[in-house]
Amino acid sequence: MSEAVKVPTMAEYMAEGKMPEVLFWVGCAGSFDDRAKKITKAFVKLLHSSKVDFAVLGTEESCTGDPAKRSGNEFLFQMQAVTNIEVMNAYEIKKVVTACPHCFNTLKNEYPSLGGNYEVMHHTQFLKSLLDDGRLTVEGGKFKGKRITFHDPCYLGRANNVYEAPRELLQKLEVELTEMKRSRRNGLCCGAGGAQMFKEPEPGNKDVNIERTEDALETKPDIIAAGCPFCNTMMTDGVKNKEKEDSIEVLDVAELIANAQDL
Amino acid sequence: MQYIPNIIFVIILIAGIGYFTKNVRKLIRNIKLGKDVDRTDNKKERFNNMARIALGQSKMVRRPIAGILHIIVYLGFIIINIEVLEIIIDGILGTHRIFAFLGGLYDFLIGSFEVLALLVLVSVFIFWIRRNVINIRRFKTLKGWPKNDGNIILYFEVVLMTLFLTMNAADLQLQNIGADHYAKAGAYPISQFISPLFNGMSEGSLVLLERGAWWLHIIGILIFLNYLYFSKHLHILLAFPNTYYGDLNPKGQMDNLKAVTDEVMLMMDPNADPFAAPAGDEPEAEPEKFGASDVTDLNWVQLLNSYTCTECGRCTSECPANQTGKKLSPRKIMMDTRDRLQEVGDNIDKNGSFVDDGKQLLNDYITTEELWACTSCNACVEACPVSISPLSIILDMRRYLVMEQSAAPMDLNNMMSNIENNGAPWPFNQMDRLNWSQE
Ligand code: SF4
Ligand code: SF4
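Residues numbered from 1 in each chain as written. Chains lettered and ligands numbered in written order. Predicted model: local features only at pLDDT ≥ 70, side-chain atom pairs only at ≥ 80, totals over all residues. Heavy atoms only, no water.

Undergrad: Tell me about the sheet that holds strand 5 (residues 147-150) of chain A, and name the residues and values.
TA: Residue and element names in this part refer to chain A. Strands sit in the order 6-5-7-8 across an open sheet of 4 strands; the sheet is parallel. With partners counted over all chains shown, the strands left at the sheet margins are strand 6 (176-178) and strand 8 (249-252), one partner each. Pairwise comparison of adjacent strand axes, ignoring direction, gives a mean angle of 35° for this sheet. Summarising the sheet, strand 5 and strand 7 (residues 223-226) pair through 3 bridges and their orientation is parallel. Directly across from Thr149, in strand 7, lies its bridge partner Ile224. Each of strand 7 and strand 8 touches helix 10 (residues 229-241); the most contacted strand, strand 8, lies at about 170° to it. (Pairing = 2+ DSSP bridges. Helix = DSSP H or I, 4+ residues; strand = E, 2+ residues; numbered from the N terminus. Axes fitted to C-alpha atoms, helices over the stretch in contact; angles between N-to-C directions. Contact = heavy atoms within 4.5 Å.)

Undergrad: Got a sec to walk through the pattern of salt bridges? Specific residues and values, please.
TA: The tally for this structure, following the rule as stated, stands at 47 salt bridges over all chains. The shortest N-O distance in the salt bridge between A:Lys37 and A:Asp34 comes to 3.2 Å. One end of the pair is A:Lys37 and the other is A:Asp34, both in helix 3 (residues 34-49) and 3 residues apart, which spans about a single turn. Note on A:Lys37: relative accessible area 12%, which makes it buried. Across the salt bridge formed by B:Asp262 and B:Lys258, the nearest N and O atoms sit 2.8 Å from each other. With B:Asp262 and B:Lys258 both in helix 9 (residues 258-268) and 4 residues apart, this pair spans about one turn of that helix. (Salt bridge = Lys/Arg side-chain N within 4 Å of Asp/Glu carboxyl O. Buried < 20%, exposed > 50% of the residue type's maximum accessible area, 1.4 Å probe, protein only.)

Undergrad: I'd like to hear about the sheet that holds strand 2 (residues 54-55) of chain A, residue by residue, with values.
TA: All names here are of chain A. Taken in spatial order, the 4 strands make up an open sheet running 2-1-3-4, and their pairing is parallel. Strands at the two margins of the open sheet, each flanked by one partner only, are strand 2 and strand 4 (119-122). Bridge count between strand 1 (residues 22-25) and strand 3 (residues 95-98): 3 bridges; the pairing is parallel. Opposite Trp25, over in strand 3, you have Thr98 as the bridge partner. Against the sheet, helix 7 (residues 123-132) engages strand 1, strand 3 and strand 4, with an angle of about 90° to strand 4.

Undergrad: A description of the domain arrangement of chain B should follow, citing residues and the corresponding values.
TA: Residues and elements named next belong to chain B. The assigned domain composition of chain B is domain 1 (4-31 + 63-236) and domain 2 (258-268 + 288-428). Taking the mean C-alpha position of each, domain 1 and domain 2 sit 40 Å from one another. The interface of domain 1 with domain 2 comprises 20 residues on the first partner and 22 residues on the second. Summed over both sides, the interface between domain 1 and domain 2 buries roughly 1,800 Å², with carbon and sulfur atoms accounting for 48% of that surface. On the domain 1 side of the contact with domain 2, Ile31, Arg63 and Arg138 bury the most area, a combined 33% of that side's loss. For the interface between domain 1 and domain 2, the tally reads 3 salt bridges. Here Arg29 ties to Asp349 by a salt bridge, and the two come within 2.8 Å at their closest N and O atoms. Seen at the junction of domain 1 and domain 2, the total is 13 residue pairs in polar contact (both at pLDDT 80 or more). When contributions to the side of domain 1 that touches domain 2 are tallied by element, the ones reaching two or more residues are helix 1 (4-31) and helix 5 (137-140). Element by element, the count of residues in the side of domain 1 that touches domain 2 is highest for helix 1, at 5 residues. (Domains from an automatic or database assignment. Buried area = accessible area lost by both parts, 1.4 Å probe. Polar contact = N/O pair within 3.5 Å; in protein donor to acceptor, adjacent residues only side chain to side chain.)

In structure tokens, the structure reads:
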């Protein structure tokens, strides 16, 4: 996927005196991480194909502060939050969608008491609502009949009790959805949360992502589905570590839907 | 002379309850050493949580074997305590089975107590096997006092239940031979099988046996009551307030520190004068300490959590860090917090007020290696049967490390300075944030 996509910014909308239906919060991984950028593009294609009127903040977006907060740097977190809230409130943002469960959790739960009140959705919830409204069609296409297992991101699942939206979308792909032995509220972390993504793990006898990849491999999947750019990286590394990258793909739910339709 | 047993009984009862009350007071004082946090909202939801999680044991059955056995012991514990009420009244008044006038209902009650007592014995036996024979990691990793504590309470249950059944069996035998004072009362579905063992015993020895079992039973219960304070079995009482005061927010939501908000708002406010003297003529308050390095920096709900912890280890067995061999164990976080709180409490008892003992929760109990291993995944919070959040303590201690000591691991410091300078955890320029759309 190396073609440019059209992505309107809030500043452009503002200049035209218009308001988009929803703000797409891209997040740091979605903006800068090579793997996650593909997820961002897939999601943008789905937004376009569903004729969703959306915009991004672009260069006005800044880290939500999640990794700082979970490292214990409340100060830096709140500085980030207040700055972002100022930008979003100036644009009178009402509704936000993001493909990152960490941004989702922070925007939804931790911004309100600092003055940022928005309706915040994870992209799987948003896609599900497009599907329910008949704006998005999801069909099997090239994934029909494939064995897929979904890894629950902690910050989507346990943290916010969203378990069904990603699964309902996957089911529409007419795939064979299998569950790992630990899933939904018992799902095991991929190892990236709490700012672990940005540091070496503490001494132990195994890496968490390997343990979780083993859970996934037990289900003999063709594809491991993820709903978080960090889980995606962790699981991809795990699959490589097990030398299974030729037979098992790790794909975001948005990528699965977009690729199925060859968007 | 005939009132001597009644008087002795009342004295023992008052002593037992008095000592218990004294310890409960200490407990409440220690919990109040924590910082204030408002949990007075949503009374209805809180009440429902308490009814569902503590009374209804809803989270226990997620592990069905342990869960169902626990419910039996718990029901046995509660219901047999109704019998204790009768024991106390009989003890004070010198009566025999004062509730016998309930007739059929009484037979039913005593009958069910007996059945429960037997079920408790069976469950306790299985619990003992699980703790000591079968290789269950969350129990095997307990050493020293916590391990003994778990077993002591099981032995206690065995002794109490056996005494209860022996007392009933001797009573039944006395009723059958038509002894004075032992009027026919109650149904004895279990102890009727024990009483034949006492065939041929004289009335005198039977009375001795019945009275002996009766006295030991009630004394045992008073000892049990006073043992709670020193044991993980405080959860029998504290599970109720703990589930009531639990966090109602989504698990992913971490509190926003108010003191930080005030400072940030001041910094961001273009009209604020950074050199302005504090309003009014109050003396400048000591700057608030960010995060927690000792138990008194935690809030009272976190301290209540530590006393409520059942040391069951469900949290640790679900913890990704622990499963992959890291030093972190959320159960240990809770046990350390309680141990340190107890130490601080004893210090206050001894000295009148807290005298610096050169120790704190951080480093002396909980190491930074443990704290930095947490992924904040909330598996521990989800697993806990009594609504404890080990994660909230971990995060408060990280806050202290980072904001008071600047002692984060180097990688995290780099990540944070990236956020500060470029608005992303990696060294990319914020101006490049939309480049992906053109690639
Ligand atoms: S939140 Fe931290 S302590 Fe709790 S289970 Fe996850 S990694 Fe372990
Ligand atoms: S914190 Fe909860 S789950 Fe962990 S040991 Fe204590 S009671 Fe058990």
